[in-house]
Amino acid sequence: MPESNFDVSVNLTVEPTDQATSVDVLIVGLRHQDSLSPSLGELDQLGGGWLTRLLESGQLRGKRGELTMLGVPTDSGPQMLLVVGLGESELSRLDAFELSAAAIRSLLDRPRGRVEVRFADTFASEHHDVVVAGALTACEGQALYRSEPSLKLPAEIAFPGVSQKQLDRGRVIGESINHARRMVNEPPAVLYPASFAQSVLDLFADTETSVEVWDENRLAEEGCRAILAVGAGSSRPPRLVMMSHLCGGDEPPIVLVGKGVTFDSGGLSLKPSDAMIDMKCDMAGAATVVGVMNAISCLGLKRNVIGLCGLAENMVSGTSYKLGDVIKTRSGKTIEILNTDAEGRVVLADTLDVAKGLQPQAIVDLATLTGACMVALGRDVVGAMTNDSNLLEQIESAATCEGELLWELPMFRHYDDQVKSKVADIKNIGDGRWGGAITAAKFLENFVDELPWVHLDIAGPAFADQPKPYRDAGATGVMVRTLLRWIES
Ligand SMILES: [Zn+2]
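Residue indices begin from 1 for each chain and proceed along its sequence in written order. The model is predicted, so local features are restricted to residues of pLDDT at least 70 and side-chain atom pairs to those at 80 or more, both for listing and for counting; the totals for chains, interfaces and linings are taken over all residues.

**Points about helix H13 (residues 389-402)**
Thought 1: Relative to the 20 Å expected for 14 residues at 1.5 Å per residue, H13 spans 20 Å between its end C-alpha atoms, a close match to the ideal helical length.
Thought 2: We call a residue exposed when 12 or fewer other C-beta atoms sit within 10 Å of its C-beta, buried when the count reaches 20 or more, and partly exposed for counts in between; the C-beta positions come from the backbone. Elements are defined by DSSP. Helices are runs of H or I of four residues or more, strands are runs of E of two residues or more, and each kind is numbered from the N terminus. All of the buried residues in H13 are Leu392, Ile395, Ala398, Ala399 and Glu402. All buried residues of H13 project into a common sector of 120 degrees when viewed along the axis, lining one side.
Thought 3: Of the surrounding elements, those touching the buried residues of H13 are helix H3 (93-105), strand S13 (362-367), strand S14 (382-386), strand S15 (406-408), strand S17 (453-457) and helix H15 (480-488).
Thought 4: Two residues or fewer after H13 comes glycine 403, characterised by a positive phi angle close to 80 degrees. Each helix should span, by expectation, one fewer than its residue count multiplied by 1.5 Å. In this description, the arc belongs to the directions extending from the helix axis to the C-beta atoms. C-beta atoms are placed from the backbone for every residue, and two residues are taken to be in contact when these atoms lie within 7 Å.

Written out as structure tokens, the structure is:
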């Protein structure tokens, strides 16, 4: 991938601060309507009871997510104290992730030296990994091409009391999320099918994960006519990327499939300009698959997992695929194109067929597939559809544990008729707009047959219009944590 103008490299350490090291900012949690923690109590005493006074006067509260930055009125110790409100309810994994991220993110407006996150006693030790991961994701933003980096990364972030193992694990999770986000945030002139594929080859170059890239010639040999059709209007030819992490002995693989439309103009069913603005993000499913594969690879999971990315650029030209075209997909099923902007499912038709050929135990696909899913569930919730409720339950429980929002939409058989075509086996849109997230999933179901399969429509949560306290706007890296947890369990 061509270089953006800065890189997220923060020194992370578990070493406690010694006498000789100065701390710029100490980050400590405070429960709502609670007394001071031992860390805060110590500082309170050194400063003659200053924190107790602030607490009593109501200047210092512990409301969840409230951040209070204070100068420390002592000669020694940290220069600044950042008190993070922890709320009243039991602290979850999501709290660990978000509150750590929000605390670090609030410090990136100016250069800082050592920042110490004293959360080891605040959050349960099994959540220490996401304390670290959250801190790292705070350091990645969407302003990749400002002349002056808008996020000033601290020289060092210390997590005293966190084990080296949890630090390393958290680093992997954070970097994997950030990698997925970076890919999504890169402009389409930088990230297109071939450069996406090259970046994956580079990422896994010295790892146990092997990468295979199918170029346009190989795609033609393999009968991936649907992927080729979507990319036909672009001067950037399509690719298929296969990442194989086979460390699980004889078990059939889990296959993760990602939609990678590196830019979606809509094709001849051209999008209006406003709807096209964010369409560099239409490869977020594929980027998520890369992120999850990176985590699996770095953590050396003893599982067989294969990641597949179907990559194409949906453009307008004399060679674009057209409305009324009928494509014979790799599976042999024919699809009638009635809207070239419903291209993701067309790319996935062939990609899922490749997945099927790998004799998997389960297939999970991720796609920024439908606006209809956002109409149904809003911007922050993943729509999940399945032909196997047991498999979805597993993924739901992983999502619940990580605090990522996911909701099931029904797959009643009565929707099947809505993707039947008059001239081909199926058509690439439903009857009208109603139930559009589901009819898209019904289309996909044709290409997985009876294999256990979950489809995750991430059109809403993959890309954010507005920043949150814990994350910049732009790409979010949604589902990396959930899928990693599911595969690990
Ligand atoms: Zn589209």
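**What about the sheet that holds strand S5 (residues 114-118)?**
Sheet strands line up and pair through hydrogen bonds in the backbone, either parallel or antiparallel.
Thought 1: Overall, mixed pairing links the six strands, which are arranged S1-S6-S5-S2-S4-S3 in an open sheet. Two strands in the sheet have a free side with no partner beyond their single neighbour: strand S1 (11-13) and strand S3 (67-71). In this sheet, adjacent strand axes meet at a mean angle of 20 degrees when their direction is disregarded.
Thought 2: Between any two strands, at least two bridges found by DSSP are needed for them to pair. Pairing between S1 and strand S6 (residues 156-158): three bridges, direction parallel. Residue pairing for S6: leucine 12 is matched across the bridge by isoleucine 157. Interaxial angle, 0 to 180 degrees, is taken between N-to-C directions of lines fitted to C-alpha atoms, where a helix line uses only the stretch in contact.

**Some points on the environment of valine 478**
Thought 1: Tracing the backbone through its elements, the reader meets valine 478 in the loop between strand S19 (474-475) and H15.
Thought 2: Here valine 478 falls in the buried class, since 27 other C-beta atoms lie within 10 Å of it.
Thought 3: Taking the C-alpha atoms as reference points, valine 478 and phenylalanine 123, separated by 355 residues in sequence, lie 22 Å from one another.

**Examining the nonpolar core**
Looking at soluble globular proteins, one finds that nonpolar side chains tend to be buried together.
Thought 1: For this entry, the nonpolar core is defined as buried Ala, Val, Leu, Ile, Met, Phe, Trp, Tyr and Cys residues connected by C-beta atoms within 7 Å. Of all hydrophobic cores here, the largest spans 144 residues; its most connected members are Val131, Ala226, Leu240 and Ile458.
Thought 2: Here this core gets nine residues from one element, more than from any other, and that element is helix H10 (residues 284-299).
Thought 3: Three or more residues apiece are contributed to this core by two domains, here domain 1 (11-162) and domain 2 (179-488).
Thought 4: Beyond its immediate sequence surroundings of up to four residues, valine 131 is in contact with Ala96, Ser100, Val117, Phe119, Phe123, Phe159, Val162 and Gly170. As used throughout, domain bounds are those supplied by an automatic or database domain assignment.

**Some details on the domain arrangement of the protein**
Thought 1: The assigned domain composition of the protein is domain 1 (11-162) and domain 2 (179-488).
Thought 2: Averaged C-alpha coordinates put domain 1 and domain 2 at centres separated by 37 Å.
Thought 3: Listed by partner, the interface residues are 15 residues for domain 1 and 15 residues for domain 2.
Thought 4: Of all the secondary structure elements, the ones that give two or more residues to the side of domain 1 that touches domain 2 are H3 and helix H4 (128-138).
Thought 5: For the side of domain 1 that touches domain 2, the leading source of residues is H3, giving six residues.
Thought 6: Nonpolar residues are Ala, Val, Leu, Ile, Met, Phe, Trp, Tyr, Cys and Pro. Charged residues are Asp, Glu, Lys and Arg, and all others, Gly as well, are polar. Tallied by class, residues from the side of domain 1 that touches domain 2 come to five nonpolar, six polar and four charged.

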